[in-house]
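Summary of structural features
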Amino acid sequence: MIFSKFSSGFLLSLLILFTSAAYAEVSVIVSANNANASIDADTLSRIFLGKTSNFPDGNQAIPVDQTEGAVARESFNEKVLGKNSSQLKAYWSRLIFTGKGTPPKESGSDADVKALVANNPNLIGYIDSSAVDGSVKVVYSF
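Residues numbered from 1 in each chain as written. Predicted model: local features only at pLDDT ≥ 70, side-chain atom pairs only at ≥ 80, totals over all residues. Heavy atoms only, no water.

Below, the discussion takes up the sheet that holds strand S4 (residues 123–128). Read across the open sheet, the 5 strands follow the order S3-S2-S4-S1-S5; overall the sheet is mixed. A single partner strand is all that each edge strand has here, and the edge strands are strand S3 (105–106) and strand S5 (136–141). Relative to S3, strand S2 (residues 62–65) is paired through 2 bridges, and the arrangement is parallel. Within S3, the residue paired with Asp65 across the bridge is Glu106. Across the sheet, helix H2 (residues 41–48) touches strand S1 (26–31), S2, S4 and S5, and the angle it forms with S4 is around 110°. (Pairing = 2+ DSSP bridges. Helix = DSSP H or I, 4+ residues; strand = E, 2+ residues; numbered from the N terminus. Contact = heavy atoms within 4.5 Å. Axes fitted to C-alpha atoms, helices over the stretch in contact; angles between N-to-C directions.)

Written as structure tokens, this is what we have:
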């Protein structure tokens, strides 16, 4: 009886933990010095899939991914790019093999991506919304 109460409480705690992680808000960010005020999901997808290399204002756009397996990356890939990690690996493998593209550089955690993006108006990345501060500008959230 005691074991079943512990197990139920423990399982409920795990469920809450995973549910909150799965629904954490992600913000797509650019440098505070970037002129773009917002960017739609289609344009973001085109930038991160290597189909365009420019922001809507015409300036160069260089995408930065978080490391593989990061919650923000998985969420971004599925909600903005419409692909899971296996589909993206296959997509980039084809482009690399044919010489038609290279995937975005990986740059670690929220703090790593934010530091890079804050210091370069040509970079664009995504981080957990709770990590946003005045050094970057949010151009899209989900």
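Anyway, onward from the coordinates.
Turning our attention to the confidence of the model for the protein. Summing up the model confidence of the protein, the mean pLDDT is 89 and the portion of residues at 70 or higher is 84%. Confidence drops under a pLDDT of 50 for residues 1–6, and excluding neighbours within four residues, the segment shows 0 contacts in the predicted structure. (pLDDT = per-residue confidence, 0-100.)

Mapped onto the elements of the fold, Ser45 is located in helix H2. A residue is classified by how much of its surface remains accessible, and Ser45, at 13% relative accessible area, is buried. (Buried < 20%, exposed > 50% of the residue type's maximum accessible area, 1.4 Å probe, protein only.)

In this section: the nonpolar core. Of all hydrophobic cores here, the largest spans 22 residues; its most connected members are Val28, Phe48, Phe55, Phe76, Leu81, Ile124 and Tyr126. Looking at this core, the elements with two or more residues in it are S1, H2, helix H3 (71–81), helix H4 (85–98) and S4. Setting aside residues up to four positions removed in sequence, Val28 forms contacts with Leu44, Phe76, Ile124, Gly125, Tyr126, Lys137, Val138, Val139, Tyr140 and Phe142. In this structure, Ile29, Val117, Leu123 and Ala131 belong to the second largest nonpolar core, which totals 9 residues. (Core = buried A, V, L, I, M, F, W, Y, C linked by side-chain atoms within 4.5 Å.)

Here the focus is the packing of H2 against H3. Orientation of H2 relative to H3, taken along the N-to-C sense of each, is 120°, at an axis distance of 9 Å. In terms of orientation, H2 and H3 fall into the oblique class. Note on element contacts: H3 touches H2 through Phe76, Val80 and Leu81, opposite Ala41, Leu44, Ser45 and Phe48. Taken together, the residues of the contact of H2 with H3 break down into 6 nonpolar, 1 polar and no charged. (Parallel < 35°, antiparallel > 145°, perpendicular 65-115°, else oblique. Nonpolar A, V, L, I, M, F, W, Y, C, P; charged D, E, K, R; others polar.)

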